[in-house]
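Okay, here's what each chain looks like letter by letter:
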Amino acid sequence: MPMSGEFKDRLFPRLPEIAAHFGTPFHIYDEKGILETGAALKRHFSGIPGFREYFAVKALPNPTILKLMQSMGFGFDCSSRAELTLARKIGAGQQDILFTSNNTSQADFDMALENGGCILNLDDISLIPKVPVMPETICFRYNPGPRRTGNAIIGNPVEAKYGITHEQVIPAYRAAMERGATRFGMHTMVVSNERNYTYMVETARMLLTLAADTEDALGIRFDFLNIGGGLGIPYRPEDTPLNLEAMGKEVTALFKDFEEQRGYMPALFMESGRFMTGPHGVLVTRAINHKDTYRRYVGVDACMSSLMRPGMYEAYHHIDVLGKDSSPADPPVDVVGALCENNDKFAVQRPLPPVEEGDLLIIHDTGAHGHAMGFNYNGQLRPQELLFHEDGGSSRIRRGETIEDLFATLTFQENRLKP
Ligand SMILES: *Cc1c(COP(=O)(O)O)cnc(C)c1O
């Protein structure tokens, strides 16, 4: 079940007016849905006093959305200087930002340590001497390698570029201690878009075991364990959603066991992106053309500059045609944009009700890794973003790009190196 029936019932009757007012195309995000998912996350992990979600900024890097996260007490997982800048602009402080970069540059470190710093999550042991000033709290990203299997999306941990190996764990924390770190966290992320919650339970178990072993070897305690993001959402109508309640119960039980054996309970951090916002956003686009050749095509006024996932991963995004029954009456169609790439298709051979020019198409589940992954190849522009409020009103929270935006980098200082 993609977009919830409840969101649909609130949004669809208003869509003609919203489209007429703001123009198409646009991504629109459901404030109510995001707040409800955040509340559910907090509720199901309330048995772990230190639980905190650090929203993965890359999923939906819009300041208005980040403020919603902030209102729920969430922090931010940033992995680039731009993401750090966004989080700080809305007032996120040192304890509110996790910096989970990889292949980290000196410029990244410098910015991460500005403004009182943040929680540094180091991706490699070789980076320890490169941190300009070792902060009090340090975290390492752990890659279990052959000890775990990832899922189909994230691939085999042995082939993943992220994290330190099992053998590097104790030397890494020891080296950080020698440079002055006194508080510790441990992070991992082994799956992506995984709806089987038992993966997350196994991840928590793995980190708790490793934390205990590291504590025994070095005499350090872990302030927090971070199980990463990767909680999946149902993109297809027949997909079953992740069982958050069962995940919360089982992970909490593991943390309670740890507390009984060790006399303390570390905090649990999570950095969900997709799960927090994915189902709470849709891309609304208007049908502008029809084409009957070897296949049937519906041309819309958005293209893969607004949503890369179908073209890039052949990802399924459910599509509704506003005001038309979802039972298909026509032969299947390809829903296409205007980019000169044949994978610029939102759907391939999709059974849809008959689409007429002027119809509004609603492409589901674009609230995470949607607008954010957009790009400008072929001079295509990224669309505006809107927020659908609880009271039924809507606000623009980012304007659409203009052609002038594309040319901004063509204004520069002359610079010629003489031969
Ligand atoms: C992308 C990413 C996330 C968020 O992943 P989701 O699948 O959106 O939950 C979290 N942590 C890190 C380090 C990431 O790179």
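Please read these numbers as outputs of a predicted model, since none were measured by experiment. Every chain is numbered on its own, with residues counted from 1 as its sequence reads. For a predicted model such as this one, the threshold for reporting local features is a pLDDT of at least 70, and the threshold for listing and counting side-chain atom pairs is 80 or more; totals across whole chains, interfaces and linings nevertheless cover every residue. By convention in this description, side-chain values take in all heavy atoms of the structure and omit both hydrogens and water.

What follows is about the layout of surface pockets. To find leftover empty space, a probe the size of one water molecule is rolled over the atoms. Only protein atoms enter the 1 Å grid used here. Points where a 1.4 Å probe fits but cannot escape make up a cavity, open sets with protein on both sides within 12 Å along at least five of seven lines make up a pocket, and a residue lines them when an atom lies within 4 Å of a point. Grid points are joined across faces, edges and corners, and a volume is the space filled by probe spheres set on the points. Roughly 1,000 Å³ of volume is contained in the largest pocket. Residue lining of the largest pocket: 42 residues in total, with Lys58, Met189, Ser192, Arg274 and His369 positioned closest to the centre. Secondary structure elements are defined from DSSP: runs of H or I of at least 4 residues count as helices, runs of E of at least 2 residues count as strands, and each element is numbered from the N terminus. Listing elements by their share of the lining of the largest pocket, those giving two or more residues are helix 10 (274-277) and helix 11 (309-313). Classes in brief: Ala, Val, Leu, Ile, Met, Phe, Trp, Tyr, Cys and Pro nonpolar; Asp, Glu, Lys and Arg charged; the others, Gly included, polar. Of the residues belonging to the lining of the largest pocket, the class tally is 15 nonpolar, 13 polar and 14 charged.

Attention now goes to the nonpolar core. Membership of the largest hydrophobic core comes to 82 residues, with the highest contact counts inside it found for Phe76 and Met247. Throughout the structure description, domain borders are defined by an automatic or database domain assignment. In this structure, this core is formed jointly by two domains, domain 1 (30-276) and domain 2 (278-406), each of which donates at least three residues. In this analysis, two residues are considered to be in contact whenever any of their non-hydrogen atoms come within 4.5 Å of each other. Residues contacting Met247, with those up to four places away along its chain left out, are Phe45, Tyr197, Met200, Val201, Ile227, Leu231, Leu242 and Met270. Throughout, nonpolar core names a set of buried Ala, Val, Leu, Ile, Met, Phe, Trp, Tyr and Cys residues whose side chains join them through atoms within 4.5 Å. Only protein chains enter the accessibility calculation, which uses a 1.4 Å probe; a residue whose area is less than 20% of its type maximum is buried, one above 50% is exposed, and one in between is partly exposed. Met3, Val284, Leu322 and Ile362 belong to the second largest nonpolar core, which has 17 residues in total.

UniProt positions are given in the numbering used here, feature names are shortened, and annotations may be inferred rather than shown by experiment. Under the local residue numbering, the UniProt record ascribes the feature "active site" (unreviewed entry) to Cys340. As for its placement among the helices and strands, Cys340 is situated in the loop between strand 13 (333-336) and strand 14 (345-350).

Within a beta sheet, neighbouring strands are joined by backbone hydrogen bonds and run either parallel or antiparallel to one another. Paired strands are those between which DSSP finds at least two bridges. Pairing is parallel around the closed barrel formed by 8 strands, whose spatial order is 2-3-4-5-6-7-8-9. Adjacent strand axes in the sheet meet at a mean angle of 25 degrees, parallel and antiparallel pairs treated alike. Of the strand pairs in this sheet, strand 3 (residues 75-78) and strand 4 (residues 97-99) are connected by 3 bridges, and their pairing is parallel. By the bridge assignment, Asp77 is partnered in strand 4 with Leu98. Angular values range over 0 to 180 degrees, each being the angle between N-to-C directions of two axes fitted as lines to C-alpha atoms, with helices fitted over their stretch in contact. Against the sheet, helix 5 (residues 81-89) engages strand 3 and strand 4, with an angle of about 165 degrees to strand 3.

With an omega of -5 degrees, the peptide bond running from Thr24 to Pro25 counts as cis. Assignment of secondary structure puts Pro25 in the loop between helix 2 (15-22) and strand 1 (26-30). With a phi close to 55 degrees, Asn115 is a non-glycine residue in the positive phi region. A positive phi angle, close to 70 degrees, is found at Asn378, a residue other than glycine.

One heavy atom within 4 Å of a molecule or strand is enough for the residue carrying it to be called near that molecule or strand. Residues in contact with the ligand amount to 13 residues; listed here are only the nearest, Lys58, Gly230, Glu271, Arg274 and His369. Think of a polar contact as two N or O atoms within 3.5 Å of one another; within protein, one of them needs to be a possible hydrogen donor and the other a possible acceptor, and neighboring residues in sequence only count if both atoms come from side chains. Between Glu271 and the ligand, the recorded distance is 2.5 Å, taken from a side-chain N or O atom to a nitrogen atom. Note that accessible areas follow from Shrake-Rupley with a 1.4 Å probe, and for residues the cover is restricted to the protein chains shown. Burial of the ligand by the protein amounts to 90% of the accessible area it has alone, namely 390 Å². Molecule-in-pocket calls rest on the fraction of atoms, with more than half required to lie within 2 Å of the cavity or pocket grid points. Judged by the proximity of its atoms to the pocket grid, the ligand belongs to the largest pocket. Considered class by class, the residues forming the shell around the ligand number 2 nonpolar, 6 polar and 5 charged.

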